[in-house]
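Structural characterization, general
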Amino acid sequence: MKRATLDQLNLAKAAKETTVLLTNLKSGAQELVYPLRPETTHPLEDLLKAAIRDDKSSVHATEDAETFIQVFNPPLRLIIVGAVHISQFLVPMAQSAGYEVILIDPRSAFGNKTRFPNCKITNEWPDEAMEDLKPDHRTAVVLLTHDPKLDDPALEASLTSDAFYIGALGSKRTHAKRLERLKHLKNLERIEGPIGLDIGAKNPAEIALSILASITKSLRHGGKT
């Protein structure tokens, strides 16, 4: 790999930008592509975006050449607002699925290392925490407090971000009231509410499972069935 290419990769990593390195397995020639930039066009564009979505590097063979498609994605992150009972199940589930989990709750009696020993916790207010965390296209955001004073500022920050998933806990009635409160904002359709896949979940563990399943669906299929 040329030094210039390595430098570009490191810059993209620091900026949490997805890149794909194409290597001609016969000639060794390499090309660094930024498939998610709006201005990017490439003959293998659809294939590259599929590889990004699947987090899977592979060899693309044609009659003339074999090209190694190497994906460099930023780490997956899950930002949870609300150190509630559901969160105690969702945190380890998400970590097992490869997510770095960040828990936000200004109520230190709830958001603390005793209750959540194995994840990053911030006791800042959600809007301040979101400003620091800067959700990107590899970040899911989940709002679980049922408290508009905490959930709404986090939602407002999330809706202006590139987060690939935004979900908020609550019944259809609660969600309708939420949308009414936030009607001055754009892109409200991005919020999944009620949160999670409809699997008939009844207890906190099952609700956490339904949330992670919905996040996974959005990650791999863009929310499409």
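Whatever comes next refers back to the structure up there.
What counts and how
- Residues numbered from 1 in each chain as written.
- Predicted model: local features only at pLDDT ≥ 70, side-chain atom pairs only at ≥ 80, totals over all residues.
- Heavy atoms only, no water.
- Buried < 20%, exposed > 50% of the residue type's maximum accessible area, 1.4 Å probe, protein only.
- Helix = DSSP H or I, 4+ residues; strand = E, 2+ residues; numbered from the N terminus.
- Pairing = 2+ DSSP bridges.
- Core = buried A, V, L, I, M, F, W, Y, C linked by side-chain atoms within 4.5 Å.
- Contact = heavy atoms within 4.5 Å.
- Expected span 1.5 Å × (residues − 1).
- Right-handed = clockwise from strand over helix to strand, strands pointing away.
- Axes fitted to C-alpha atoms, helices over the stretch in contact; angles between N-to-C directions.

**Quick look at the pairing of strand 4 (residues 66–72)**
Burial along strand 4 is one-sided: the residues Thr 67, Ile 69 and Val 71 are buried and none of Glu 66, Phe 68, Gln 70 and Phe 72 is. In the sheet, strand 1 (residues 19–24) pairs with strand 4 via six bridges, with the strands oriented antiparallel. Across the sheet, Asn 24 pairs through a bridge with Thr 67, a residue of strand 4.

**Focus on the nonpolar core**
Most often, soluble globular proteins keep nonpolar side chains buried together rather than apart. Ranked by internal contacts, the top residues of the largest apolar core, which has 26 residues, are Leu 78, Leu 90, Tyr 99, Val 142, Leu 144 and Ile 211. Sorting the residues of this core by element identifies strand 5 (77–81), helix 3 (85–96), strand 6 (100–104), strand 8 (139–143) and helix 7 (204–221) as the ones contributing at least two each. The biggest single contributor to this core is helix 7, with six residues. Ignoring any residue separated from it by four or fewer positions in sequence, one finds Tyr 99 in contact with Leu 76, Arg 77, Leu 78, Ala 94, Phe 164, Leu 212, Ile 215 and Leu 219. Counting residues in hydrophobic clusters, the runner-up holds 19 residues, among them Ile 104, Ala 129, Ile 166 and Leu 188.

**A few points about helix 1 (residues 3–14)**
The terminal C-alpha atoms of helix 1 lie 16 Å apart, and with twelve residues this matches the ideal 16 Å at 1.5 Å per residue to within 8%. Packed against the buried residues of helix 1 are strand 1, strand 2 (30–33) and strand 4. Lys 16, located one to two residues past helix 1, shows a positive phi value of around 55°.

**Here we look at the pairing of strand 5**
Where burial is concerned, most of strand 5 is hidden: five out of the five residues are buried. A two-sided burial pattern is seen for strand 5, the buried positions comprising Arg 77, Ile 79 and Val 81 on one face and Leu 78 and Ile 80 on the other. Relative to strand 6, strand 5 is paired through five bridges, and the arrangement is parallel. By the bridge assignment, Leu 78 is partnered in strand 6 with Val 101. Crossover connection from strand 5 via helix 3 to parallel strand 6: handedness right-handed.

**Regarding the sheet that holds strand 4**
Within the open sheet, the four strands sit side by side as 2-1-4-3. Their pairing is antiparallel. Every interior strand has two partners, whereas the edge strands, strand 2 and strand 3 (58–61), have only one. Taken over all neighbouring pairs, the strand axes of this sheet differ in orientation by 25° on average, direction set aside. By the bridge criterion, four bridges tie strand 3 to strand 4 in an arrangement that is antiparallel.

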